[in-house]
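# Geometric and topological summary
As a plain string of letters, each chain reads:
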Amino acid sequence: MPPQTPKHIITFKLPNFLDEWPYECRLHPAFGVVDAESKQWVNEYQFFGEKSQKVYDAGRFGLLGSLACPLRSEEFLRVACMFSHMLFLLDEYNEVADPGMAGQLYHIVMEAMHHPYKELDKRNKLGNFVQGCENRFWQQALVLTTLDAAIKSDFVDVFDEYMKSMAEEAHDREAGRVRSVEDYIRFRRVTNGASATAALLRFGLTIPEEVLSHPVIESMTLAFVDLVWIINDMHSFAGEFIPTKTVHNIVAIVMAEHDMDVPSAMAWNNNFAKFRVSEFLSNFKRLPSWGQAIDDEVQLYLDSMGYLIRAVDAWSFETGRYWGKRGKEIQRTRVVTLDPDMEPRKALLTKQEVERYIAEASSSAKVRL
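Residues numbered from 1 in each chain as written. Predicted model: local features only at pLDDT ≥ 70, side-chain atom pairs only at ≥ 80, totals over all residues. Heavy atoms only, no water.

As annotated in an unreviewed UniProt entry, the protein chain carries the name Terpene synthase and comes from Leucocoprinus birnbaumii. What UniProt records for the protein chain under Cofactor (unreviewed entry) is the sentence "Mg(2+)". (UniProt positions renumbered as here; feature names shortened; annotations may be inferred.)

Okay, structure coming up:
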């Protein structure tokens, strides 16, 4: 059974399991230029009405990309900002999609991924958005690597799993399914997009597959993935905890399975995250050497993960997506108040709008066959 929405005001402390995280907030020096470019790239598609567009812009998704990769090139930053926008736009699509619509979205997105240079009809807004040209996502990401690099197919495979998981989440919503803690953790590692993000961090690097598959690297990558979605669930909890939605948040899942209140479930979340923090940091001591050139790239890959984890948490207070105008105050005090009468965050796209975009994309594909 899902946890019941509280009938009274609840106050609790937001966990701060990154208090000793060695990676500090650091903004890429090209933030201003690239952030503006990425906004223009998204807004030219006019996915949103005027009011929803303002809410989307308040998300500051380019800031997330710029905090996440301060050590990488400006070309990589451009791709990272685009990817940040893409993930959150797809989240808006999937938030209102039923299982059939989510399945159609999967095919539209993955068709663009598998055929990055195929000309698409202009009516296929989402396909063009993903595939892109000039200063846009997938074609620009491919520029960062060689034609025969394994990371291209690796990324597509991981993103395929991500899109399939969105369809499965739509089935959960329709069926009112509440997963166990263990099952949810497995599922969340895919639905959050953190695994795809870890793959993206390899673009521009030439780390051999046998190094990436080393148990220490795999353990650190899994800890990274877990920390990204744990942070996201922690920040998004207050806006999602309403009885009309299927539970898809670790705090609420823990409350349901262990019969906990909100502060106790947050404490559980804190302990789990601290374990992952320890696992990531302690594994630096266990890294073998593969020679200076490879070691340097491995260090950059792992440092990119470290900065990205810090970025997700810091950005969550800056964006209007989770805390509205309260972000700075909550970051300072860590005190959160849940009011049962608070208005939940509204989806920026209606189901009818998503249906229209899907229909246009599907129609244009049929015409071009």
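Alright, that's what it looks like, and here's the rest.
Looking at the second largest pocket, its volume works out to about 420 Å³. Around the second largest pocket, the lining is made up of 16 residues, and of these Ala198, Arg202, Glu218, Thr221 and Tyr301 lie nearest the centre. Mapped onto the lining of the second largest pocket, the elements with two or more residues apiece are α8 (150-175), α10 (194-200), α11 (209-212) and α12 (215-240). For the lining of the second largest pocket, the element with the highest residue contribution is α12, accounting for five residues. Residue classes in the lining of the second largest pocket are distributed as eight nonpolar, three polar and five charged. (1 Å grid on protein atoms, 1.4 Å probe; cavity = no way out; pocket = protein on both sides within 12 Å on 5 of 7 lines; lining within 4 Å. Points joined across faces, edges and corners; volume = space filled by probe spheres on them. Helix = DSSP H or I, 4+ residues; strand = E, 2+ residues; numbered from the N terminus. Nonpolar A, V, L, I, M, F, W, Y, C, P; charged D, E, K, R; others polar.)

Buried within helix α2 (residues 50-57) are the following residues: Ser52, Gln53 and Tyr56. Projected down its long axis, α2 shows its buried positions confined to an angular sector of 105 degrees, all on one face. The outward face of α2, more than 90 degrees from its buried face, is lined by the exposed residues Glu50, Lys51 and Lys54. Packed against the buried residues of α2 are α1 (31-43), α3 (61-68) and α4 (74-95). (Buried < 20%, exposed > 50% of the residue type's maximum accessible area, 1.4 Å probe, protein only. Arc of directions from axis to C-beta. Contact = heavy atoms within 4.5 Å.)

Think of a pair of aromatic rings as described by two things: how far the centres are apart, and how the planes are tilted against each other in angle. If you walk through the whole model with that rule in mind, you get 30 aromatic pairs. Arranged with centres 4.6 Å apart and planes meeting at 10 degrees, the rings of tryptophan 41 and phenylalanine 129 form a pair that is stacked. Placement of the pair is tryptophan 41 in helix α1 and phenylalanine 129 in helix α6 (residues 125-131), with a sequence separation of 88 residues. Under the relative-accessibility criterion, tryptophan 41 is labelled buried at 2%. With 5.7 Å between their ring centres and 85 degrees between their planes, phenylalanine 280 and phenylalanine 284 make a pair best called edge-to-face. When its relative accessible area of 0% is taken as the criterion, phenylalanine 280 is described as buried. Residue class for phenylalanine 284 comes out partly exposed when judged on its relative accessible area of 24%. Chaining the aromatic ring pairs together yields one cluster made of Phe83, Phe137, Trp138, Phe155, Phe159, Tyr162 and Phe203. The ring of phenylalanine 47 has lysine 125 sitting right over it, with the charged end atom 5.2 Å from the ring centre. (Phe/Tyr/Trp six-rings, centres within 6.5 Å; stacked < 30°, edge-to-face > 60°. Lys NZ or Arg CZ within 6 Å of the ring centre and 35° of its normal.)

Another aspect to go through is the pattern of salt bridges. Counted by the stated rule, this structure contains 27 salt bridges. Of the charged contacts in the structure, one is a salt bridge between aspartate 91 and arginine 321, with a shortest N-O distance of 2.8 Å. Placement of aspartate 91 in helix α4 and of arginine 321 in helix α16 (residues 320-323) is noted, with a sequence separation of 230 residues between them. Owing to a relative accessible area of 29%, aspartate 91 belongs among the partly exposed residues under this scheme. Between arginine 186 and aspartate 183 there is a salt bridge, with its nearest N and O atoms 3.4 Å apart. Within this pair, arginine 186 and its partner aspartate 183 are both found in helix α9 (residues 181-191), separated by three residues, close to a single helical turn. Residue aspartate 183 is classed as buried on the basis of its relative accessible area, which comes to 17%. (Salt bridge = Lys/Arg side-chain N within 4 Å of Asp/Glu carboxyl O.)

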